[in-house]
Amino acid sequence: MADATRVSPGEAAKDRGDPGEWIDAGRSWTRARRTTKRARWPARRRLGAGMTALAILIAYAVLVPAVAGIDERMVDLSMAGTVPSAAHPFGTDQAGRDLFVRTAAGLRISLLIAGLCAVLSTILGVAVGALAGALGGWVDRIVMRVVDTVNAVPHLLLGIVIVALYRGSLVAIVASIALTHWAPVARLIRSEVLSLRQREFIDAAISGGASRRRVIRRHFLPAVVPQAVLAAVLLLPHAVWHESALSFLGLGLPPHRASLGTLLDEARESLLLGSWWTLVFPSLMLVLTTLAVAACGAAWRDRVLPRRLAEEMR
Amino acid sequence: MRRRSPRPSPGMPGVGVVENGQIGPRSDHNPCQGLWSVVGQRRRLIARMAFRRLAMVAPVLFLTSAVVFGLAAASPFDPLAGYLGDRYLTSGAAEQEQLRVTLGLDDPWYEQYTRWLGSLLSGDLGTSRVYGQPVAQVLAERLPWTMLLAGTALAGAVLGALVLGVWTAWRQGGLADRLVTGLAHALEGVPPFVSALVAIGVFALGLSWLPVAGLTDAGAEVSFGQVARHLVLPAGVLAIAQMPWLLLHVRQSLLGALGEDHVTGARARGLAARVVMLRHVLPTALLPFITLVGTRLPELVTGAILVESVFSWPGVAEAVVRSATQVDFPMLAALTLLSAVVVLLGSLIADVAYALLDPRVATDG
């Protein structure tokens, strides 16, 4: 982005010889518009907006099932497939279950699974990456081959294989997500540790007699904490997608347990009967959650680690 | 791409010749000779890189299949249930025991694995229970449809990303730019199965323009018109799933290239904006795009699994879901291996193409 070279609008309008003008030379001969206001919000504001959206979503997921007093599994066939109304803001599904409550319960379990998986795979990735980076040599080489292997198989496919073999339990789903998402984190942490190894305070610690274990625990791990937290936040939307994709394909949670994926799987059939609301509200929640978390992660990265490569954690 | 070489003129300061990878002053001998040897050397380096990467493919595939077998061995799931399917509950204990022995299910997993590996090397992938056919035959029947779908989608996504990316970079900051980039950022948050359902809801059910699912209408022959009509929605959804990321990258690298010195220089020489854009900005800015497309293949496979299962497209990715729900192990193992091959070869081809097209790229690693 040309943010770094952009000059404040008033100045640029007055003085065409401003260096900001010719560093950003492409703008002068393409059909670029001079933007009168800043194109992007500052990181603090984006972080605030993302956090607010996320807080609202979490409050919805936690409070609604508790306050509404309706069990999300309660079937009421007389109310099957009703259009959204005051009594049922999101309508009801084909079994007459209230979708407002059911979506909240689904969002809650999806977020819970995703959060657990993001934390687990970050811990795994940090442990593996720090070990590989700190020990080097053949350990590093073997670990990197394993990382290559995990990366070579598309995550969803590997997750499907794991879930298929260990069917039907929450543990299987968590394992399927956690075991497939640690590889990028490990790679990131390893490269971070490799660059830390060149720094003088590590040399000082080693010449001061610190053992390898002490260097890893007291110097490497604390130094990669910001990276690890960021990685966990950026993994969260991936994990939400992964869980809902598995449930959507009928390989995740059993159909009666509401998750965003199972809700969408049900929507696939009710859509043919014309109930658009069964699709719209769960997918809206899914998309909003993804975007809110991604916005928080990006803003946090811009704030804490301004020149870190956004590439490394695709 | 043919470029006219700059005409040497008497007043031109000494043009450097690349020799041994270094730029030196013009020497006495024919400069072309030096250049050609550099080109030949470069080709050899690229070939070496390709071989090194190919040699790395085998261990990774070996490890992948070993991991899948290890996972299967550690699972509480009885492989005999996978083999017998519904008959598992009705068959007697003696019959089951005999099957166990003949299939070698009581052997340790590494023995089963080496057996599987041996038959794989002789071209036998085992038999799929779900489809009641040899795995190789199932793959041969379904692979072309997946390639048609994924190929169309990838081509559409790349084309769309290029056109929109160039357009938005050209009109940076304008209404179209803000609209397209905003939409792309939003679409990055929409998983393919959601966009697939929305597309079905709008175009198939709401407007009734296109069929809901399948390869052809029920009972109709497989013909070009039928398949083309049924291809539009799945390929479109898969393309939309890949496009935002590619589009934002194209725009970003174009914006970077617009400010570079050689572009400013070309513009200062008075070349038309169109010429500068097409001949000077695009070639350099779009080279990294080739590797980007290569790294995008895992996402394409993931998207294909979801899209094919929503649209009941008879490809290999749909077979993944079906064989997973019924734990058809030979099928799953073969599909995992196949996807690993696709991903590794895809990134290899992309890197080689990049190195061939851009002489500045390093060939080690």
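Residues numbered from 1 in each chain as written. Chains lettered and ligands numbered in written order. Predicted model: local features only at pLDDT ≥ 70, side-chain atom pairs only at ≥ 80, totals over all residues. Heavy atoms only, no water.

1. Let's talk about the overall build of chain A
At step 1: A tally of helices and strands in chain A yields 13 helices and zero strands.
At step 2: When the helices and strands of chain A are listed from N to C terminus, the series reads α-α-α-α-α-α-α-α-α-α-α-α-α.
At step 3: Split into buried and exposed, the 314 residues of chain A put 50% on the buried side.
At step 4: Partitioning the contacts of chain A with sequence separation of at least 6, the portion at a separation of at least 24 is 69%. (Helix = DSSP H or I, 4+ residues; strand = E, 2+ residues; numbered from the N terminus. Buried < 20%, exposed > 50% of the residue type's maximum accessible area, 1.4 Å probe, protein only. Contact = heavy atoms within 4.5 Å.)

2. What to know about the pattern of salt bridges
Pairs can form between side chains of opposite charge once their charged atoms are near each other.
At step 1: Enumeration over the complete set of coordinates arrives at eight salt bridges over all chains.
At step 2: Two residues, A:Arg268 and A:Asp265, come together in a salt bridge whose shortest N-O distance is 3.1 Å. Highlighted residues: A:Arg268 and A:Asp265, both in helix α12 (residues 260-270), separated by three residues, approximately one helical turn.
At step 3: Across the pair B:Asp177 and B:Arg251 runs a salt bridge, and its minimum N-O distance is 2.9 Å. Taken together, the positions of B:Asp177 in helix α7 (residues 175-187) and B:Arg251 in helix α9 (residues 224-258) put the pair 74 residues apart, joining distant regions of the chain.
At step 4: Residue class for B:Asp177 comes out buried when judged on its relative accessible area of 3%.
At step 5: Classification of B:Arg251 as buried rests on a relative accessible area of 9%.
At step 6: Here the salt bridges share partners, and the residues they tie into one network are A:Arg145, A:Asp148 and A:Arg187. (Salt bridge = Lys/Arg side-chain N within 4 Å of Asp/Glu carboxyl O.)

3. Concerning the interface of chain A and chain B
At step 1: Of the residues lining the interface, 48 residues belong to chain A; the matching set on chain B comes to 65 residues.
At step 2: On the surface where chain A and chain B come into contact, there are zero salt bridges.
At step 3: Applying the counting rule to chain A against chain B returns two residue pairs in polar contact (both at pLDDT 80 or more).
At step 4: Contributing elements (two or more residues each) for the side of chain A that touches chain B: α3 (26-29), α6 (137-152), α7 (155-165), α11 (225-248), α12 and α13 (277-304) of chain A.
At step 5: Broken down by element, the residue count for the side of chain A that touches chain B peaks at seven residues, all from α7(A).
At step 6: For the side of chain A that touches chain B, the per-class residue count stands at 30 nonpolar, eight polar and 10 charged. (Polar contact = N/O pair within 3.5 Å; in protein donor to acceptor, adjacent residues only side chain to side chain. Nonpolar A, V, L, I, M, F, W, Y, C, P; charged D, E, K, R; others polar.)

4. Comments concerning the packing of aromatic side chains
At step 1: Applying the stated criterion across every chain yields a total of nine aromatic pairs over all chains.
At step 2: Geometrically, the ring pair formed by B:Phe69 and B:Phe329 is edge-to-face, given 5.1 Å between the ring centres and 85° between the ring planes. You can see B:Phe69 sitting in helix α1 (residues 31-74) and its partner B:Phe329 sitting in helix α14 (residues 329-357), a full 260 residues away along the chain. For the pair B:Phe69 and B:Phe329, one class covers both residues: buried.
At step 3: Three or more aromatic residues link up through ring pairs in this structure, and these residues are B:Phe62, B:Phe69, B:Tyr113, B:Trp116 and B:Phe329.
At step 4: The ring of A:Phe248 is capped by A:Arg268, whose NZ or CZ atom sits 4.5 Å from the centre of that ring. (Phe/Tyr/Trp six-rings, centres within 6.5 Å; stacked < 30°, edge-to-face > 60°. Lys NZ or Arg CZ within 6 Å of the ring centre and 35° of its normal.)

5. Some remarks on a positive patch on the surface
At step 1: On the surface, a cluster of positive charge is made up of A:Arg213, A:Arg214, A:Arg217 and A:Arg218.
At step 2: Inspection of the secondary structure puts A:Arg217 in helix α10 (residues 212-223). (Patch = residues over 30% accessible without salt bridge, like charges linked within 9 Å, V, L, I, M, F, W, Y side chains within 5 Å. Areas by Shrake-Rupley, 256 points an atom, 1.4 Å probe, with all protein chains shown as cover. Lys, Arg positive; Asp, Glu negative; His and termini not counted. Charge placed at Lys NZ, Arg CZ, Asp CG, Glu CD.)

6. Observations concerning α7(B)
Residues and elements named next belong to chain B.
At step 1: In a regular helix each residue adds 1.5 Å, so 13 residues correspond to 18 Å; α7 covers 18 Å between its end C-alpha atoms and thus fits that length.
At step 2: Of all the residues in α7, the buried ones are Asp177, Val180, Thr181 and Ala184. The buried residues of α7 occupy one face: seen down the axis, they fall within an arc of 95°. Residues Leu175, Arg178, Leu179 and Leu183 are exposed on α7 and point more than 90 degrees away from its buried face.
At step 3: Among the structural elements, α6 (135-170) and α9 are those in contact with the buried residues of α7. (Expected span 1.5 Å × (residues − 1). Arc of directions from axis to C-beta.)

7. Describing the nonpolar core
At step 1: Residues A:Ile160, B:Phe193, B:Val281 and B:Ile305 are the most contacted members of the largest nonpolar core, which totals 170 residues.
At step 2: Looking at this core element by element, the count peaks at 17 residues for α9(B).
At step 3: With sequence-adjacent residues up to four places away left out, B:Val281 is seen in contact with A:Trp29, B:Leu254, B:Ala257, B:Leu258, B:Val263 and B:Val276.
At step 4: Of all hydrophobic cores here, the second largest spans six residues; its members include B:Ile46, B:Met49, B:Ala50 and B:Val352. (Core = buried A, V, L, I, M, F, W, Y, C linked by side-chain atoms within 4.5 Å.)

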